[in-house]
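Chain by chain, the residues run as shown.
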Amino acid sequence: MQNQSADWRQLVQRLIKAEMSKRGVKYQDLSDRLARIGINQSADNLRNKVNKGILGADLLLQIITVLNVRRIERDDLLDIFADMGVRLPE
């Protein structure tokens, strides 16, 4: 079970980093964008949370919102898992 949790945390990490990279957003930029919607997270705090893949659902949704992510496809998540060598049961 613990290994599965680690896989999901790594998925969160890779997903957020990929979306930030697509947009050329650094952690300070992300912190600034979150501050504009009233969410105060330092760049260092965000970096730590993202690198560990451990953040609340509320922060995940806030990050997705300020990054203007239009949609996250299930197949994209499965592709990230495949790149990690993880296969979900059918």
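Residues numbered from 1 in each chain as written. Predicted model: local features only at pLDDT ≥ 70, side-chain atom pairs only at ≥ 80, totals over all residues. Heavy atoms only, no water.

## Side note on a negative patch on the surface
A surface patch of like charges, here negative, comprises D75, D76, D79 and D83. With respect to the helices, strands and loops of the structure, D79 is situated in helix 5 (residues 74–84). (Patch = residues over 30% accessible without salt bridge, like charges linked within 9 Å, V, L, I, M, F, W, Y side chains within 5 Å. Areas by Shrake-Rupley, 256 points an atom, 1.4 Å probe, with all protein chains shown as cover. Salt bridge = Lys/Arg side-chain N within 4 Å of Asp/Glu carboxyl O. Lys, Arg positive; Asp, Glu negative; His and termini not counted. Charge placed at Lys NZ, Arg CZ, Asp CG, Glu CD. Helix = DSSP H or I, 4+ residues; strand = E, 2+ residues; numbered from the N terminus.)

## Some thoughts on helix 4 (residues 57–66)
All of the buried residues in helix 4 are L59, I63, I64 and V66. Downstream of helix 4 by a residue or two, N68 has a phi angle that is positive, lying close to 60°. (Buried < 20%, exposed > 50% of the residue type's maximum accessible area, 1.4 Å probe, protein only.)

## Concerning empty space enclosed by the protein
Per the stated rule, a full pass over the model turns up one cavity of 30 Å³ or more. Residue lining of the largest cavity: L15, I16, E19, I63, I64, L67, V69 and I72, and that is the complete set. Those elements that provide at least two residues to the lining of the largest cavity are helix 1 (2–23) and helix 4. Of the residues forming the lining of the largest cavity, the biggest block, three residues, is contributed by helix 1. Class assignment of the residues belonging to the lining of the largest cavity gives a composition of seven nonpolar, no polar and one charged. (1 Å grid on protein atoms, 1.4 Å probe; cavity = no way out; pocket = protein on both sides within 12 Å on 5 of 7 lines; lining within 4 Å. Points joined across faces, edges and corners; volume = space filled by probe spheres on them. Nonpolar A, V, L, I, M, F, W, Y, C, P; charged D, E, K, R; others polar.)

## Things to note about helix 2 (residues 27–36)
For an α-helix, 3.6 residues make a turn, and residues three or four places apart therefore share a direction. Looking only at helix 2, the buried set comprises Y27, L30, S31 and L34. Buried positions in helix 2, seen along its axis, are confined to an arc of 100° and lie on one side of it. Within two residues after helix 2, G38 carries a phi angle of roughly 85°, on the positive side. (Arc of directions from axis to C-beta.)

## Observations regarding the packing of helix 2 against helix 4
Taken N-terminus to C-terminus, the directions of helix 2 and helix 4 make an angle of 100°; their axes are 10 Å apart at the nearest point. Regarding the angle of helix 2 to helix 4, the classification is roughly perpendicular. Each of L30, R33 and L34 in helix 2 lies in contact with helix 4, whose residues at this interface are L59, Q62, I63 and V66. Taken together, the residues of the contact of helix 2 with helix 4 sort by class into five nonpolar, one polar and one charged. (Axes fitted to C-alpha atoms, helices over the stretch in contact; angles between N-to-C directions. Parallel < 35°, antiparallel > 145°, perpendicular 65-115°, else oblique. Contact = heavy atoms within 4.5 Å.)

## Remarks on the environment of D44
Take D44: it is sitting in helix 3 (residues 43–52). Between the C-alpha atoms of D44 and Y27, which are 17 residues apart in sequence, the distance is 7.5 Å. For D44, the side chain forms a polar contact with the side chain of R47, separated by 2.7 Å. (Polar contact = N/O pair within 3.5 Å; in protein donor to acceptor, adjacent residues only side chain to side chain.)

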